[in-house]
Amino acid sequence: MSGTGQSSGRPAASLPSGARRALTPAESERMAEKVRRVELAISLVLRVGVLASVLVIAVGLGLMFAHHGSYLSLTGPLSYRALTSATTSFPHSFGALGHALAHDEGRGVVVLGVLILILTPVLRVAVGVVSFAYEKDAPMALVTLFVLAVLVGSFFLAGA
Amino acid sequence: MTPLDFVVSLALISVAAGVLGSLVGLGGGVVIVPVLTLLYHVDIRLAIGASIVSVIATSSGAAAAYVRDRMANLRAGMFLEVATTTGALTGAYLTTLLPARFLFVFFGLILAYSSVATFRRRHADAPLTASDDRLANYFNLHGTYHDLAEGREVAYKVVGTKLGLSIMYVAGLVSALLGIGSGALKVPAMDSAMHLPMKVSSATSNFMIGVTAAASAGVYFVRGQIDPIIAAPVAAGVLLGATVGARILGRAASKTIRILFVVVLVVISLEMLQKGVLA
């Protein structure tokens, strides 16, 4: 793990990142500007992902309650336990999700919103790779690319 | 309790979980799992699925602000994610090798030690002004943040990168093995081992936990642990809470955040020890 830095072995002269010494104040300033642009890009991705997922989840929740009038009462015989037990059915594969969405099911829409939320950090890492590469910060771009590879790998290993 | 009561009450509790999680860098799972299992008597598998959703919601909700306000150290966070994601991936394969009971006792003790170490630094957390750490210099992990409570820019240097990476690897491993504690080791790794300021450690941990959780979220989804009627109020409530928490962190005193973190860490370590000893 600790060899990541040394092994990329690139010339330190032109780039502030990858120097094997502390940066001079001028270099630090140039560095800060680069980092700033990456920060703003990543912050934007996170905000868009969060807003999109919240909107979709809200719509899904609205549909759930609209389709099942009995859910809406504040008192009554219907318990939430029926919806949160170990045997409750809800979509947990992409096929089932597609089916639920095609039938306008609220719970399918909620699951879609949750998936958008789950994918937001992955997208954030991907944007990190692109931003660091664009700012010609090779060591950080490689590190971030490795993280992205592990994340994508984990999704495939999960069989999703 | 009807579904509407459930959704509304859980959403309100989730707001509180989001505020707390975003302040101490732990994600809302600390609150969400006990609330769901003890208060609502929800199946533990579904509670853990909801906890993963809450961790990602806390992370993305708070980090959008922390990264924009430069409270989180983006470079250090992304660099350390190498270790957490690798740890999470290995953890997924070790699950069957080690008995969970032993793991709970082992990590309960580690967290108890971390809480003491974090508490001890309460008077001595002045940021470093120099670093001869080769990795930290190579990747330029040092940073500056604006402390609203102190009303000034605080520059800090990073040391102990290798120790930090090792702890982060274990942090990823633990969260994959036990489904909890994703941030509990990250904050001490940055605060005690790498000398990042407390508030930066918390904000950077927040930034990182979403990625660690996302690495195992796929598995939880496929196994059917993400129940929409639980996930919806948790996600929405935690996102709102995390947005509020992110506004508070900059204004709070470092010491307050440290003490709050230690208290939560003590509770988690006791929970783990209890699970290991009594289960």
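Remember, predicted model here, so these are calculated numbers, not experimental data. (Residues numbered from 1 in each chain as written. Chains lettered and ligands numbered in written order. Predicted model: local features only at pLDDT ≥ 70, side-chain atom pairs only at ≥ 80, totals over all residues. Heavy atoms only, no water.)

**Let's talk about the overall build of chain B**
Here is the rule: Strands here mean DSSP runs of E at least two residues long; helices mean DSSP runs of H or I at least four residues long; both are numbered from the N terminus. Throughout, radius of gyration means the C-alpha value; the globule benchmark is 2.2 Å times the number of residues raised to the power 0.38. For the exposure calls, accessible area comes from a 1.4 Å probe over protein chains only, and a residue counts as buried if that area is under 20% of its type's maximum, exposed if over 50%, partly exposed in between. Contacts: residue pairs with any heavy atoms within 4.5 Å of one another. His is not counted, nor are the chain ends; Lys and Arg add positive charge and Asp and Glu add negative charge. Where a charge lies is defined by one atom per residue type, namely NZ (Lys), CZ (Arg), CG (Asp) and CD (Glu).
Along the backbone of chain B there are 11 helices and two strands. Ordering the α and β elements of chain B from the N terminus gives α-α-α-α-α-α-β-β-α-α-α-α-α. Against the compact-globule benchmark of 19 Å for 279 residues, chain B has a radius of gyration of 18 Å, which places it among compact chains. Within chain B, buried positions represent 63% of all 279 residues. Counting contacts in chain B only where the partners sit at least 6 residues apart, residues at least 24 apart contribute 82% of the total. Mean positive and mean negative side-chain charge positions of chain B (20 and 13 charges, respectively) differ by 5 Å.

**Side note on the packing of helix α8 (residues 186-193) of chain B against helix α9 (residues 198-222) of chain B**
Residues and elements named next belong to chain B. What counts is decided by this rule: Think of each axis as a best-fit line through the C-alpha atoms, taken over the contacting stretch in the case of a helix, with angles from 0 to 180 degrees between the N-to-C directions. Take the far helix as the reference: if the near one is turned anticlockwise from it by less than a right angle, the crossing is left-handed, and if turned clockwise, right-handed.
At their nearest, the axes of α8 and α9 sit 8 Å apart, and the two run at 145 degrees to each other. Crossing geometry of α8 relative to α9 is assigned as right-handed. Across the interface between the two elements, Lys186, Val187, Met190 and Asp191 from α8 touch Met198, Ser201, Ser202, Thr204, Ser205, Met208, Ile209 and Thr212 from α9.

**Details of the packing of aromatic side chains**
Residues and elements named next belong to chain B. Worth spelling out the cut-off: Any two of the Phe, Tyr and Trp rings considered here, Trp counted by its six-membered ring, make a pair once their centres fall within 6.5 Å; the pair's planes then place it as stacked at under 30 degrees, edge-to-face at over 60, or tilted in between.
Going through the model one piece at a time under the given rule, you end up with seven aromatic pairs over all chains. Ring plane angle 15 degrees and centroid distance 5.8 Å describe the contact between Phe102 and Phe106, whose orientation is recorded as stacked. Of this pair, Phe102 and Phe106 both sit in helix α5 (residues 100-120), four residues apart, which is roughly one turn of that helix. Their ring planes at 75 degrees and their centres at 5.2 Å tell us that Phe106 and Phe107 sit as a pair that is edge-to-face. Through pairs of rings, three or more aromatic residues link up here, namely Phe79, Tyr138 and Phe139.

**Quick word on the side chain of B:Ser114**
All names here are of chain B. Secondary-structure assignment places Ser114 in helix α5. Taking relative accessible area as the criterion, Ser114 reaches 6% and is therefore assigned buried. If near-sequence neighbours (up to four positions away) are discounted, Ser114 is found in contact with Leu185, Pro188 and Leu265.

**Digging into the pairing of strand β2 (residues 152-156) of chain B**
All names here are of chain B. Applied cut-off: Strand pairing is defined by DSSP finding a minimum of two bridges between the two strands.
Examined bridge by bridge, strand β1 (residues 143-147) and β2 share five bridges and lie antiparallel to one another. Bridge pairing links Asp147 to Arg152 in β2. Connecting β1 to the next strand, β2, in antiparallel fashion are four residues, including Gly151 with a positive phi near 65 degrees.

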